[in-house]
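Letter by letter, the chains look like this.
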Amino acid sequence: MAKKIKKRREIRRKLLHKYRLVILNESTFEEKISFKLSRLNVFVTGSLCIIGLIGLTTLLIAFTPLREYIPGYSSTKLKRQATELTYKTDSLVRTLNYTNRYLNNIRMVLRGDIENNETNRDSLFEQFKLDPSTINLTPIREDSMLRAEVALEDKYNLFERNVDKSDLVLFPPVNGTISQHYDTEKRHFAVDVVAPKDTPVKAVANGMVIFSEWTADTGYVIILEHDEGLLSVYKHNGSLSKVQGDIVRAGEVIASVGNTGELTTGPHLHFEIWDNGTPVNPLNFIDFN
């Protein structure tokens, strides 16, 4: 026990024993600065300095841009740029998908391809057949109120909400004799109008040129996009007067009658109308005589 006490006193004496740190002038041995030190205060002072340096380093890394220069830490600017690029990439992917679908529709118009799905109409309506004797057709109070409200709205409605395309009249692109009519069985979704070569071909309605190029099969082709999802297609032209992106008015000259392309037998206009991706008979809208 006495040895342990003696050992503790010896350690304490060594820790508290005073030393003097003197800084002298090497030439004159003049004393410049002196410090009274002990092992204990040197240890405490060194520990406090180390803790302070660690805290200061942590603050610099956490709250200053200096952390960007330390390997493993990402830059705030790079994070912001990465986020913006992610949003732009997502938008570009959606735009690319829309563009690809749009181009597929244009290719379908140019090739005249359309799915011919035959459906039994009777089978479609079979599930909706009801026995009138089992249904109570007496109008309820809420139904009467709704009908009166809708009738009042329609009475003072200044805008036509439903557009009947059967009443739509288009400007004839060219006047002439029809050599081949619209025939879905032969997959001829157009009318061929014979006219003298270089006869002006005119736009059937206001719209924008979405395609104006040369194709091997149908020669010079121009396609216009109109309101209500209508597309008008003009093939086998001798020349084109408009380019993609041009805005045209009804009756404006956009091309001339020609005999271009491999699938032609003489000067004529191959004219098509597409309604929301479905071909329709141009004679339902236009009188070519």
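Since we're looking at a predicted model, the values are computed, not measured.

Novice: Just give me the short version of the pattern of salt bridges, but keep the residues and values in it.
Specialist: A full pass over the atoms with the stated rule returns 4 salt bridges. For Glu272, the salt bridge identified is with Lys235, shortest N-O distance 3.1 Å. Here Glu272 is found in strand β11 (residues 268-275), whereas its partner Lys235 is found in strand β8 (residues 230-240), with 37 residues between them in sequence. By the burial criterion, Glu272 is buried, and Lys235 matches it. The partner of Lys242 in a salt bridge is Glu252, and the shortest N-O contact between them spans 2.6 Å. Residue Lys242 is located in the loop between β8 and β9 (247-248), and its partner Glu252 is located in the loop between β9 and β10 (253-257); the two are separated by 10 residues in the primary sequence.

Novice: How would you sum up the layout of surface pockets? Please name residues and give values.
Specialist: Taken as a whole, the largest pocket encloses approximately 500 Å³ of empty space. What lines the largest pocket is a set of 25 residues, and nearest its centre among them are His188, Thr218, His236, Leu263 and His270. Those elements giving two or more residues to the lining of the largest pocket turn out to be α3 (76-111), β3 (177-180), β4 (191-194), β8 and β11. When residues of the lining of the largest pocket are assigned to their parent elements, the largest contribution, 3 residues, is made by β11. Its residues assigned to classes, the lining of the largest pocket comprises 7 nonpolar, 12 polar and 6 charged.

Novice: Tell me about the confidence of the model for the chain, and name the residues and values.
Specialist: Mean pLDDT over the chain: 81, with 81% of residues reaching 70 or higher. The least confident element of the chain, judged by mean pLDDT, is helix α4 (residues 121-126) at 52; the most confident is β10 at 95. Long-range and interchain partners of residues 157-163, a stretch whose pLDDT sits below 50, account for 2 contacts in this model, where long-range means more than four residues apart.

Novice: I'd love a proper account of the pairing of strand β7 (residues 219-225), names of residues and values included.
Specialist: Counting buried residues along β7, 5 of its 7 residues qualify, which places the element largely inside the surrounding structure. Where strand β6 (residues 207-215) folds back onto β7 in an antiparallel hairpin, the turn is made up of 3 residues. The pairing of β7 with β8 spans 5 bridges and is classified as antiparallel. Bridge pairing in β8 places Leu224 opposite Ser232. As consecutive antiparallel partners, β7 and β8 are separated by 4 residues, and within that stretch Glu228 has a phi angle of approximately 60 degrees, a positive value.

Parameters at a glance
Residues numbered from 1 in each chain as written. Predicted model: local features only at pLDDT ≥ 70, side-chain atom pairs only at ≥ 80, totals over all residues. Heavy atoms only, no water. Salt bridge = Lys/Arg side-chain N within 4 Å of Asp/Glu carboxyl O. Helix = DSSP H or I, 4+ residues; strand = E, 2+ residues; numbered from the N terminus. Buried < 20%, exposed > 50% of the residue type's maximum accessible area, 1.4 Å probe, protein only. 1 Å grid on protein atoms, 1.4 Å probe; cavity = no way out; pocket = protein on both sides within 12 Å on 5 of 7 lines; lining within 4 Å. Points joined across faces, edges and corners; volume = space filled by probe spheres on them. Nonpolar A, V, L, I, M, F, W, Y, C, P; charged D, E, K, R; others polar. pLDDT = per-residue confidence, 0-100. Contact = heavy atoms within 4.5 Å. Pairing = 2+ DSSP bridges.

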